[in-house]
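Chain and residue survey
Read off the chains here:
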Amino acid sequence: MSPDKPEVPAREFSHLDAAGNFTMVDVAEKPISVRSALASGSIRMEVSTLKAIRDNTLKKGDVIPVARLAGIQAAKRTADLIPLCHPLPLSGIDVRVNVDESLPGLRVEGFVRTTAQTGVEMEALTAVSVSLLTIYDMAKAIDRTMVISDIVLREKRGGTKGDFTRDP
């Protein structure tokens, strides 16, 4: 361990072995159960950008269905993007993109479900993140001031640690 960093016992971190090496958590002994997660996030933009997205006048095409598809694909590839994340058999993915005039901008929700030994929080968060990045990519030619924010896990169901719901 580096002299600059305090000594922290590796056993306190689930992704480190006793020698301090990275390892993927062994979930073999955990029960298989139905698990789900809901994440959300938003992207603020100029009113004119929101109008262009709503009216489908951007040169790159129809933003909302492309962002939804990008989120679905991203959820399926989460283990390829996050090094110590387990690849999971996903049984359902739903990504919703909604116009929110009050931002102004778009709000994205990602819901993911599986029957497995570990949860799908990372898949839901990845779906939302990539959907928002896709929106930014498709609209950046007319608005580089867009702000992606508030990406959070809103709820998780199933598993040995129980359910979680974020207070509004």
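Attention in this report is confined to the structure presented alongside it. (Residues numbered from 1 in each chain as written. Predicted model: local features only at pLDDT ≥ 70, side-chain atom pairs only at ≥ 80, totals over all residues. Heavy atoms only, no water.)

**Points about the pattern of salt bridges**
All told, the structure shown has 11 salt bridges when counted by the stated rule. When the shortest N-O distance is used, the salt bridge between Arg107 and Asp100 registers 2.5 Å. By relative accessible area, Arg107 is classed as partly exposed at 37%. With a relative accessible area of 14%, Asp100 lands in the buried category. Taking the shortest distance from any N to any O, the salt bridge between Arg154 and Glu109 comes out at 2.6 Å. With Arg154 in strand 4 (residues 147–157) and Glu109 in strand 3 (residues 105–116), this residue pair connects regions lying 45 residues apart in the sequence. Looking at Arg154, the relative accessible area reads 30%, which means it is partly exposed. Several salt bridges share partner residues, and in doing so they unite Lys60, Asp137 and Lys140 into one network. (Salt bridge = Lys/Arg side-chain N within 4 Å of Asp/Glu carboxyl O. Buried < 20%, exposed > 50% of the residue type's maximum accessible area, 1.4 Å probe, protein only. Helix = DSSP H or I, 4+ residues; strand = E, 2+ residues; numbered from the N terminus.)

**What to know about the side chain of Ser149**
If you trace the backbone, Ser149 turns up in strand 4. For Ser149, a relative accessible area of 15% puts it in the buried group. Engagement of the side chain of Ser149 in a polar contact is seen with the side chain of Asp150, the distance being 3.3 Å. With residues near it in sequence (within four places) discarded, Ser149 still touches Gly41, Ser42 and Arg44. (Polar contact = N/O pair within 3.5 Å; in protein donor to acceptor, adjacent residues only side chain to side chain. Contact = heavy atoms within 4.5 Å.)

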